[in-house]
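Residues per chain, in single letters:
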Amino acid sequence: LRGLLFITVHPEHVSKAILSTVHTIIVIGKSPAETIRRTCESLGEPVPLLPDVELKAGEGLLWRRRPKEDPVWFRSEPPRTEMRRHYRKYAEGELEPEKSFYFRGPDGKLNLKAQNLNLFLQIGEGIDDETWIYHLKRGDYSRWLRISLQDETLASEVEEIENQEKITPRESRERIRLKIEERYTAPA
């Protein structure tokens, strides 16, 4: 077998014939030494000299079985660009009703549902200034982004706009639109 990646939390449950073909083992998690020990027991091999480390997020042990080397600790490099999670779902898809944004207005007379960011922007452009500002000043836009879309970065940026004292409905709509488009429609 060549060019294959096996992922398991129980190396002792993997066939010895398959496990013996593995050249390099990468271990993550809280007890990397235990995982390597279980692998060696399954293979009937001696346990290599293991560094005494407690792994944190983004860290691991790399053990090259062929050629034989001792396991070494490593830390992965964070991505240089932020992942755009759930891009299509949030921008174009249909969020569940409980995660959608509802433009209701100060008197609760409206019930305009925005089940994604594109509809949010479209409805936001078309509603009256009183309704837009009502939700803006209550922090409803950033709360929705933070809780329903789980986008802390965008929520914080929108919150800054919401907290501006003398911002007009037009300015706030435009700034929020730009922040959303920058994050969800810009090329990845």
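Use the structure listed above.
Within each chain, residue numbers correspond to sequence positions counted from 1 in written order. Where local features are concerned, this predicted model is filtered to residues with pLDDT of at least 70; where side-chain atom pairs are given and counted, the filter is 80 or more; whole-chain, interface and lining totals use all residues. Excluded from the side-chain calculation are hydrogens and water; included are all heavy atoms of the structure.

## Some words on the overall build of the chain
Okay, step 1: When helices and strands are tallied, the chain shows eight helices and five strands.
Okay, step 2: Runs of H or I in DSSP of at least four residues are treated as helices and runs of E of at least two as strands, each being numbered from the N terminus. Along the chain, helices and strands appear, N-terminal first, in the series α-β-α-β-β-α-β-β-α-α-α-α-α.
Okay, step 3: Atoms counted for the radius of gyration: C-alpha only. Globule rule: 2.2 Å times the number of residues to the power 0.38. For 188 residues, the compact-globule estimate of 2.2 N^0.38 gives 16 Å, and the chain exceeds it by more than 25% at 26 Å.
Okay, step 4: For the chain, the spread of C-alpha atoms along the principal axes amounts to about 75 × 30 × 30 Å.
Okay, step 5: Put simply, the chain has 188 residues, and 34% of those count as buried.
Okay, step 6: Carbon and sulfur atoms make up 53% of the accessible area of the chain, which totals about 12,400 Å². Three labels apply to residues, based on accessible area from a 1.4 Å probe with only protein chains included: buried if under 20% of the type maximum, exposed if over 50%, partly exposed otherwise in between. Note on areas: Shrake-Rupley, 1.4 Å probe, and residue coverage restricted to the protein chains presented here.

## A few points about helix α4 (residues 117-126)
Okay, step 1: Buried within α4 we find L117, F120, L121, I123 and G124.
Okay, step 2: Measuring from the side-chain oxygen of the N-cap residue of α4 to the backbone nitrogen of N118 gives 3.1 Å; that N-cap residue is N116. Pairing of N or O atoms within 3.5 Å defines a polar contact, subject to two protein rules: one partner must be a possible hydrogen donor and the other a possible acceptor, and residues neighboring in sequence count only if both atoms are side-chain atoms.

## A closer look at the sheet that holds strand β1 (residues 24-27)
Okay, step 1: A strand pair is defined by DSSP finding two or more bridges across the two strands. Strand order in the open sheet formed by three strands is β1-β2-β3, with antiparallel pairing between adjacent strands. Looking at which strands have only one partner, the edges of the open sheet turn out to be β1 and β3 (72-75). Strand-to-strand twist of the sheet, defined as the mean angle between neighbouring strand axes without regard to direction, takes the value 30°.
Okay, step 2: Sheet topology note: the strand β2 (residues 59-64)/β3 ladder contains four bridges and is antiparallel. Looking across to β3, one finds that E59 is bridged to R75.
Okay, step 3: In what follows, residue pairs with any heavy atoms lying within 4.5 Å of each other are defined as contacts. The convention used is that axes are lines fitted to C-alpha atoms, helices contributing only their stretch in contact, and that angles between N-to-C directions extend from 0 to 180 degrees. Along the sheet face, helix α2 (residues 32-43) touches β1 and β2 and points at about 25° away from the line of β2.

## A few points about the nonpolar core
Okay, step 1: F103, F120, Y141 and I176 are the most contacted members of the largest nonpolar core, which has 25 residues in total.
Okay, step 2: Those elements giving two or more residues to this core turn out to be α3 (87-91), β4 (101-103), α4, α5 (129-138), α6 (140-147), α7 (152-162) and α8 (169-184). The set of buried Ala, Val, Leu, Ile, Met, Phe, Trp, Tyr and Cys residues whose side-chain atoms join them within 4.5 Å is what this entry labels a nonpolar core.

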